[in-house]
Structure formats: structure tokens, C-alpha cells
Amino acid sequence: MLKRLSIAVAGGLLLASTMAGCGGSDDAGSSGGGDDKITLGFSQVGAESGWRTANTKSIQESAASAGIDLKFSDAQGKQENQIKAIRSFITQRVDVIAFSPVVESGWGTVLKEAKDAGIPVILTDRAIDDPDTSLYKTFIGSDFVAEGKKAGDWLVKEYEGKTDPVNIVELQGTPGAAPANDRKAGFGDVIKADPKFKVVASQTGQFTRTDGKAVMETFLKSQPKIDVLYAHNDDMGLGAIEAIEAAGKKPGTDIKIITVDAVKDGMTALSEGKINFIVECSPLLGPQLMDLVKKVQDGQTIPQRVLTEETTFTPEQAKEVLADRKY
Ligand code: GZL
């Protein structure tokens, strides 16, 4: 799918256009870099979801297409592994370091080490909460608070004019992760305006299908009445659908479901009416990241924040675009 992101610069914010699904071979791990090749050290969160798999593919393919020597490390969801990988990239004297921080906090020390070693750092996908923004050149990723607000706005519209209580259960992402914190905050901000909306249970499903299913099973046992599920990503929503169906209920009808990401499996469930609304979060950050890496290597000034614009999907819209989805 051609992902068109309009180019606009406002207050140091760049929205850049990018073509999705770049070509080139899938270059896993590190490829032999010649002397003049830029060497990029990338620390990835893990492989917890369909979104993450697509994000990794985009980064590996884009590095190959851009002729960038990629040293890729999978942290299996552990911050200590990401810190170790960043230290290893510093020892190897890579040209640029990029990473998707699994959680928001605890990065100051290792990023100071990269800064002292004169190696520029780019944040991708998730933000950090360190106040010292000189520790990284830019953050390219979505506005997760806005994603949560879009989910809340849909729910408010869906129940407009109704007065009965609406019991909501929430499957949160990884504790401490920016998308989990912000999607919760954005959603909560919108629904607090109407007392009929009540989050009766909220627990992490770690962004995975397995945990999403297990937690939804406990919600179904403990909650006398569930009207809505808000899941911070498609994968947890898909796991919850399995639990809802096993309990003899119809997902999308007996329990309305809102998720975030818009990966293929989520969009398929949406087109079938098992999910009611999906807020898109694009994993295809590879092309923009490689462009930023080259600019940083050339010593060019780049915006502090590169925001990926995203849309939302209803079941009807999902049916229209499903065939073109690349992830
Ligand atoms: C969001 C990304 C989140 C996805 C999940 O940018 O960090 O992590 O929403 C993924 O699917 O696991």
C-alpha cells in the first residue's frame, strides 16, 4: 500500500512522505560493509507482535536498499539486552546507533556513553522519558496519545445518545512502554468526559496474542458484564477474540472491540466484523530511518521529531484496502 505522509514542517516537526514496502533482499543480521559504507547498529525490542515483525522487515530491507551495513540485535523484550547491544555497537565504533526503546526510562547512562564516544543515536518507534534531548538526534515514530484519543473518539460516537453504563475492559501493552502509557492516557482522556464509560478492568497483555487471550479469559470470568474491549494492539485483540468465542460470545457484536496497529491479521478480523475499529500505527519506518541515518552521517541538521501520520479503519474500509496491505 502506498503510504502517503504529507511533507510539512511545523515547529521542527517533519512529516515525510515515504513509499511502503521498499525492495531489496531481506538482510538479516549484519552484512559485510565496505570502508565507505555507513555502518548502522540497530537494537530491536524483540518479535512480540505482527507489528514488530513488519517493522524489523522494513528496517532490514531498507538498509539493504540504501547500501547501509546493518548490525541488527533482537533484545527479546529485555532492556538489559538493548543496553548491552548499544555498548557493543559503541565498542565496534559503528557510525550511527538506532533503537526502539522497549520502555521509556533508564537510558541516560548508556546514551551518555554513546554521546561521549561521538556516535549519534536515533530513536525509532518508541520514545524515552529522559529530559536530556541532546542524547539523541531525533525520534521517528507515532503519536501514541493521539492514537488513544482516536480510539476514544470512535467509542464516544458509537454510544452517542445512549445513557446505559458502558463497561470497558482494557488490554494494555508492555508495562512502561511509551505506546502502552500513551495509548492508555489518550483513550482515558476522551472517555472521562462521559460517566457512562467505565473501565472495569485493565491489565497488561504484553502486546502478545497469548497473553491477550489469557487475560481476556480472566476478564470474562471476573466481569459480570463487558460491553467493550480496548486492546493496545491487534495481537492482543486477536488473542482476546479466541477467548470471547470460546466463551460462546460473538466478538464485534456481544463485545465491541477497538485495537491499534492495522496489521494484516487485525484488518482481516476487522473486515469480518470481529473487530469494530482499528487505529493505524505504521511499522514501515525503514525508508525514513535510512534517510535520517544518511543525513546524520553527512552532518546535516535533522528535525528533533519525525512524526508518522496514520489513519483509522472501519470494517467497510478494511474490505477495500485488505488486498493491498503489505504487512
Ligand atoms: C508501536 C509499537 C507497538 C505496537 C505493538 O509503535 O511499539 O509495539 O503497537 C508492538 O504491536 O508490539
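This section reports on the structure supplied with the text. (Residues numbered from 1 in each chain as written. Predicted model: local features only at pLDDT ≥ 70, side-chain atom pairs only at ≥ 80, totals over all residues. Heavy atoms only, no water.)

Things to note about empty space enclosed by the protein
Thought 1: With the rule as written, the count across this model stands at one cavity of 30 Å³ or more.
Thought 2: Volume-wise, the largest cavity comes out at about 100 Å³.
Thought 3: Lining the largest cavity are 13 residues, with Trp-51, Arg-52, Arg-126, Arg-183 and Asp-261 positioned closest to its centre.
Thought 4: Every element with two or more residues in the lining of the largest cavity is listed here: helix H1 (50-66) and helix H5 (178-191).
Thought 5: Across the lining of the largest cavity, the residue classes break down as five nonpolar, two polar and six charged.
Thought 6: Two domains each provide a minimum of three residues to the lining of the largest cavity, namely domain 1 (39-142 + 283-309) and domain 2 (144-281). (1 Å grid on protein atoms, 1.4 Å probe; cavity = no way out; pocket = protein on both sides within 12 Å on 5 of 7 lines; lining within 4 Å. Points joined across faces, edges and corners; volume = space filled by probe spheres on them. Helix = DSSP H or I, 4+ residues; strand = E, 2+ residues; numbered from the N terminus. Nonpolar A, V, L, I, M, F, W, Y, C, P; charged D, E, K, R; others polar. Domains from an automatic or database assignment.)

Focus on the packing of H1 against helix H9 (residues 286-297)
Thought 1: Running from N to C, H1 and H9 point in directions that differ by 45°, and their axes come no closer than 8 Å. Taken together, H1 and H9 sit at an angle that is classed as oblique. For the element pair H1 and H9, the recorded crossing hand is right-handed. Residues Ser-58, Ile-59, Ser-62, Ala-63 and Ala-66 of H1 lie in contact with H9, whose contacting residues are Gly-286, Pro-287, Leu-289, Met-290 and Lys-294. (Axes fitted to C-alpha atoms, helices over the stretch in contact; angles between N-to-C directions. Parallel < 35°, antiparallel > 145°, perpendicular 65-115°, else oblique. Left-handed = near helix turned anticlockwise from the far one by under 90°. Contact = heavy atoms within 4.5 Å.)

Some points on the site of the ligand
Thought 1: Taken together, 13 residues lie near the ligand, and Glu-48, Asp-125, Arg-126, Arg-183 and Asp-261 sit nearest.
Thought 2: For the ligand, an oxygen atom lies 2.7 Å from a polar atom in the side chain of Arg-126.
Thought 3: Contact distances for the ligand include 2.8 Å between an oxygen atom and a side-chain N or O atom of Arg-183.
Thought 4: If the ligand stood free it would expose 320 Å²; the protein chains cover 99% of that surface.
Thought 5: A molecule is said to occupy a pocket when more than half its atoms come within 2 Å of that pocket's grid points, and by this definition the ligand occupies the largest cavity.
Thought 6: Those elements that place two or more of their residues in the shell around the ligand are H1 and H5.
Thought 7: When its residues are assigned to classes, the shell around the ligand shows five nonpolar, two polar and six charged.
Thought 8: Residues from two domains meet in the shell around the ligand; each of domain 1 (39-142 + 283-309) and domain 2 (144-281) gives at least three. (Near = heavy atom within 4 Å. Polar contact = N/O pair within 3.5 Å; in protein donor to acceptor, adjacent residues only side chain to side chain. Areas by Shrake-Rupley, 256 points an atom, 1.4 Å probe, with all protein chains shown as cover. Sits in = over half its atoms within 2 Å of the grid points.)

Considering helix H4 (residues 144-158)
Thought 1: Here H4 is 15 residues long and its end C-alpha atoms lie 21 Å apart, about the 21 Å a rise of 1.5 Å per residue gives.
Thought 2: Looking at H4, one finds that the buried residues are Phe-144, Glu-147, Gly-148, Ala-151, Gly-152, Trp-154 and Leu-155. Buried residues of H4 fall within an arc of 155° about the axis and therefore sit on the same side.
Thought 3: Against strand E8 (166-172), H5, strand E9 (197-204), strand E10 (228-231), strand E11 (256-261) and strand E12 (277-280) lie the buried residues of H4.
Thought 4: One side-chain oxygen of the residue at the start of H4 lies 3.1 Å from the amide nitrogen of Val-145, identifying that residue as Asp-143. (Expected span 1.5 Å × (residues − 1). Buried < 20%, exposed > 50% of the residue type's maximum accessible area, 1.4 Å probe, protein only. Arc of directions from axis to C-beta.)

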